[in-house]
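The primary structure of each chain is shown beneath.
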Amino acid sequence: MKRGIWKKVIALSLAAVMGLGLAACNGGSGDANRDGQGGIGGSDVGTSGGVKTSQQGKENVYSYQELDLLGSNDNVSSISYRDGKLFLLVYNYGGSGEETSENNLFGYYKANTDGSDSSFVELALPEREESNSWINSAFVSDAGYVYAVCSCTYEDTSDPNNYVYEDRYYLDCWNMEGSLQWSKQIIANKPGEWSYCSQVLDGGEGRVLAVMGGNKNETVLYSPQGEEISRKEVSSDIFGRSALIYSNGDGTLTVIYFDEAYTRRYMASYDVEAGTLGEQTELPFHDNLGIHRGSGQDLLLVNNMGVYTWSPGDAEPRMLMNSINSDLLADDITMIQWIDDQHFVAIYHDISTYAQKCAYFTYVDPADIPDKKELVLGGSYVSSEIRTKVIQFNRSNSQYRITLKDYSIYNTPEDWTAGQTRLNNDIISGQMPDIMMLTDMNSYRNYVSKGALADIGKLLAADPELGGLEYLQNVWEAYSVNGQLYAVIPSFNVQTMIAKKSLVGEPQSWTMADVETVLATMPQGATAFGDMVRDSFIYNILSYGGKDFIDLETGKCYFDSQEFIDMLEYAKNLPKENYKEDEDYDYSHYENQYRENRSLMRELFISNIADCKYQIKGYMGEEVSFVGFPTSDSNGSYLSVSGSALMISANSQQQEGAWQFARQFLTQEYQTSSGLYSMPVLKSAFLAKAAEATERPYWTDQNGNKEYYDDYWTINGEQVVLEPFTQEEVDKICQFIYGVNRTAFYSEEIRNIIMEDAEAFFSGQRSAQEVAGIIQSRAQLYMNENQ
């Protein structure tokens, strides 16, 4: 909404959606309550091991028209549909972004569902003595009034001995022409009680119901003239844990609320007059779905996969709209209004710009959608970037269409790894998606050993464009198995440890024995790892050096080795915790520990070379050596995938189409894009990004000019400038990174074995050798059973 322009005729813009070549998108015979494709998990058909179908990507498709109704500063309070018209209540901060702005405006848009015949009606806000104010909740009633609760803050500093600060709430009523009818302050039932208004609802017959929280939960019913009719205390167990409350227009409310543990949700009607709760129904879905009011008793549910409908008695939600199949570039759907069994209106944010959008959705009959070869992309978590790339691929590719299976929606509050478990089971049973995304690479080698993954190295070498480009070979080596690469790695990070070169030189060996030798030359009481505690040390033993104690090819364990026994001996001397929460923590003492040689090594995470100056020039204060974590082979650094890696099923019937999608993450265009925050794998892009570390930091003004500034570090209370790296310093960091060719090892099960059995040594009950033997036995048994 442009400031000062409050009535306008809205132009309808048809979004350039779906690349489907639809000839007739406004019709179709589908029923909005028709069965979806497999509930909230999406369809299980169409994976690489199953029977391919051309229908999966054509199900649950909606076309959509973006309605040019909302401005960049509009905050939508509610959306409703009555008498064939849309009503969007909005609060506008006048472009200032501040709630205290004198230009704040409140009003509603009224339009046909296609955006035509639109107008804006300003609802004049009453002048009040309070300073800050904002609309907390609002709705358009069936009786033809607009109600809103306005939250305000009142301060009186006139008497320094009697400072007054109050949160106040006003219930305001306007007619549909925008004239204020009345305004009443909502006050607590008793003086001194803490009370606030969280929501206003239609009370039926022109009345309005305020839902109150605070010292107690209440509902306050007001007449059409603003007189208080009744005040009822309601159950705090229900209303205090509510996730959604809406009025049924008959004196009852529908309340969706959590149980005491916040692990389950229930739905029930609540009779305000009688104060009684109707029969409660447990919702058969988890809180990874947003809930909105549907038609009648139905609920509309949303997540990043799309929109679902659920009726009481259903075993699970049924998919209504699939966002990927509909090519909807939405980050989230914040509001949704049911129109009829073919249409709905939704407010959402653009996935790239996060701009607020309003669109009118129309069901598309699968018969009206052209056939394409279909691929399934699945992962334990599918990021917004990947969803965007999928939609862009589907729009532009005339031969293939990708459908999405996000396994994270199988996660539950009781088991947040259920999605990963289901993905593992699908892979093992031959139902791996054509393209798979992994954020957790711990099972990667296991998938390769089972022959589940296609050889990415061969596809890359045969690619006419990419085959001639130079990539960082150490990254390929880290993720190669028996010399073959099975994953697309778009970008990476490096984890290591650094120490002052003046203390360690450039060591050719870096074991625990070497660490002890250096510590002997440092001031008494110096520590090897700063403030690292025992649990973190054991975690790092596995992350940096786990492959020294477990042969991943054979599964043989070596936890009874002298190297591991030395690690246990050192861990025993570490504290279980740094400091107690009630103790004061001296951050200056902490930050100076490396400069003052009170600590030897500091962990360094490298995702952007330019950012390393805080650790090297700030904490260490002089030239460093990249020593890594002490390990038996002195190779205690590792790299990791930034975000997700992509793999292609060895059994996919559409490997060519899968490669067309996956290869884009290795192109020069992607590798040099500004959205790639970690280190690129394309060597030319890696070096170009590394060279940025020699520049002073800058921001770009509205004219595209660079405005330079300095980064600072505080030393003994004084700020000093952190100068950019020299080219020589950057080259040294790059040479170190080129030499890192191993990945981290982590196993929750192995870590638990170590922590459980090592406690007997830490408490003095057993020797380190005895405990190492027990750990060796248990770890070997686990590996034998799970290799």
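All right, on to the pairing of strand 21 (residues 299-303) then. Within strand 21, 5 of the 5 residues are buried, which leaves it mostly tucked inside the rest of the structure. Bridge count between strand 20 (residues 290-293) and strand 21: 4 bridges; the pairing is antiparallel. What sits directly across from Arg-293, in strand 21, is Leu-299. Connecting strand 20 to the next strand, strand 21, in antiparallel fashion are 5 residues, including Gly-296 with a positive phi near 65 degrees. The pairing of strand 21 with strand 22 (residues 306-310) spans 5 bridges and is antiparallel. From the neighbouring strand, Asn-303 faces strand 22, where its bridge partner is Gly-306. Counted between consecutive antiparallel strands, the loop separating strand 21 from strand 22 contains 2 residues.

The pairing of strands in a sheet happens through backbone hydrogen bonds and is either parallel or antiparallel. Ordered by their spatial adjacency, 4 strands build an open sheet running 7-8-9-10, and the pairing between neighbours is antiparallel. Of all strands in the sheet, those bounded by a partner on one side alone are strand 7 (133-140) and strand 10 (180-186). Averaged over all pairs of adjacent strands, the angle between their axes in this sheet comes to 20 degrees, without regard to strand direction. Note: strand 7 against strand 8 (residues 145-156), 7 bridges, orientation antiparallel. Bridge assignment links Trp-134 to a residue of strand 8, and that residue is Ser-151.

Let's shift gears to the sheet that holds strand 14 (residues 228-233). The 4 strands lie next to each other as 11-12-13-14, forming an open sheet whose pairing is antiparallel. The outermost strands of the open sheet, each flanked by one partner alone, are strand 11 (195-204) and strand 14. Going across the sheet, the axis of each strand differs from the next one's by a mean of 20 degrees, ignoring polarity. In terms of strand pairing, strand 11 meets strand 12 (residues 207-214) through 8 bridges, oriented antiparallel. Paired with Val-200 across the bridge in strand 12 is Ala-210.

Here the focus is the packing of helix 2 (residues 384-396) against helix 13 (residues 655-662). For the pair helix 2 and helix 13, interaxial distance at closest approach is 10 Å and the crossing angle is 120 degrees. The orientation of helix 2 relative to helix 13 falls into the category oblique. Along this stretch, helix 2 crosses helix 13, giving a crossing that reads as right-handed. Of the residues in helix 13, those touching helix 2 at Lys-389, Val-390 and Phe-393 are Gly-657, Gln-660 and Phe-661. Residues that form the contact of helix 2 with helix 13 fall into these classes: 3 nonpolar, 2 polar and 1 charged.

What follows covers the state of the cysteines. What the rule picks out here adds up to 0 disulfides. Here Cys-612 stays free of any disulfide, with the sulfur of Cys-734 as its closest cysteine sulfur at 9.8 Å. The exposure class of Cys-612 is buried, given its relative accessible area of 1%.

What follows concerns the packing of aromatic side chains. In this description, an aromatic ring pair is defined by two values, namely the gap between the centres and the angle between the planes. Going through the model one piece at a time under the given rule, you end up with 40 aromatic pairs. Consider the rings of Phe-239 and Tyr-270, whose centres lie 4.9 Å apart with planes at 85 degrees: the pair is edge-to-face. Placement of Phe-239 in helix 1 (residues 236-239) and of Tyr-270 in strand 17 (residues 265-271) is noted, with a sequence separation of 31 residues between them. In this pair, the class of Phe-239 matches that of Tyr-270, namely buried. Between the aromatic rings of Phe-529 and Tyr-570, the centroid separation amounts to 5.6 Å while the plane-to-plane angle is 75 degrees, which identifies the pairing as edge-to-face. Linking Phe-529 in the loop between helix 8 (512-519) and helix 9 (534-549) with Tyr-570 in helix 10 (residues 562-572), this pair joins segments that are 41 residues apart in sequence.

Let us now look at the pattern of salt bridges. A side chain with one charge may pair with a side chain of the opposite charge, provided their charged atoms come close. Counted by the stated rule, this structure contains 33 salt bridges. The partner of Lys-683 in a salt bridge is Glu-470, and the shortest N-O contact between them spans 3.7 Å. Of the two residues, Lys-683 sits in helix 15 (residues 683-691) while Glu-470 sits in the loop between helix 5 (456-462) and helix 6 (473-478), which places them 213 residues apart along the sequence. Here Glu-470 falls in the exposed class, since its relative accessible area comes to 52%. The partner of Lys-617 in a salt bridge is Glu-729, with the nearest N and O atoms 3.4 Å apart. Within this pair, whereas Lys-617 is found in helix 12 (residues 612-620), its partner Glu-729 is found in helix 16 (residues 727-738), the two being separated by 112 residues in sequence. Sharing partners across several salt bridges, the network here consists of Lys-216, Glu-218, Glu-228 and Arg-231.

With that settled, the discussion passes to the packing of helix 9 against helix 10. At a minimum axis distance of 10 Å, the contact between helix 9 and helix 10 shows a crossing angle of 170 degrees. In this view, helix 9 runs roughly antiparallel relative to helix 10, as classed from their interaxial angle. Contacts between helix 9 and helix 10 involve Arg-534, Phe-537, Ile-541 and Phe-549 from the former and Glu-563, Phe-564, Met-567, Tyr-570, Ala-571 and Lys-572 from the latter. Looking at the contact of helix 9 with helix 10 residue by residue, the class counts come to 7 nonpolar, no polar and 3 charged.

Backbone geometry places Asp-327, a non-glycine residue, at a positive phi of 55 degrees. Structurally, Asp-327 is set in the loop between strand 23 (318-322) and strand 24 (330-340). Of note in the backbone geometry, Tyr-354 takes a positive phi value of approximately 60 degrees without being a glycine. Since its relative accessible area comes to 45%, Tyr-354 is described here as partly exposed.

Rules and cut-offs
- Residues numbered from 1 in each chain as written.
- Predicted model: local features only at pLDDT ≥ 70, side-chain atom pairs only at ≥ 80, totals over all residues.
- Heavy atoms only, no water.
- Buried < 20%, exposed > 50% of the residue type's maximum accessible area, 1.4 Å probe, protein only.
- Helix = DSSP H or I, 4+ residues; strand = E, 2+ residues; numbered from the N terminus.
- Pairing = 2+ DSSP bridges.
- Axes fitted to C-alpha atoms, helices over the stretch in contact; angles between N-to-C directions.
- Parallel < 35°, antiparallel > 145°, perpendicular 65-115°, else oblique.
- Left-handed = near helix turned anticlockwise from the far one by under 90°.
- Contact = heavy atoms within 4.5 Å.
- Nonpolar A, V, L, I, M, F, W, Y, C, P; charged D, E, K, R; others polar.
- Disulfide = S-S within 2.5 Å.
- Phe/Tyr/Trp six-rings, centres within 6.5 Å; stacked < 30°, edge-to-face > 60°.
- Salt bridge = Lys/Arg side-chain N within 4 Å of Asp/Glu carboxyl O.

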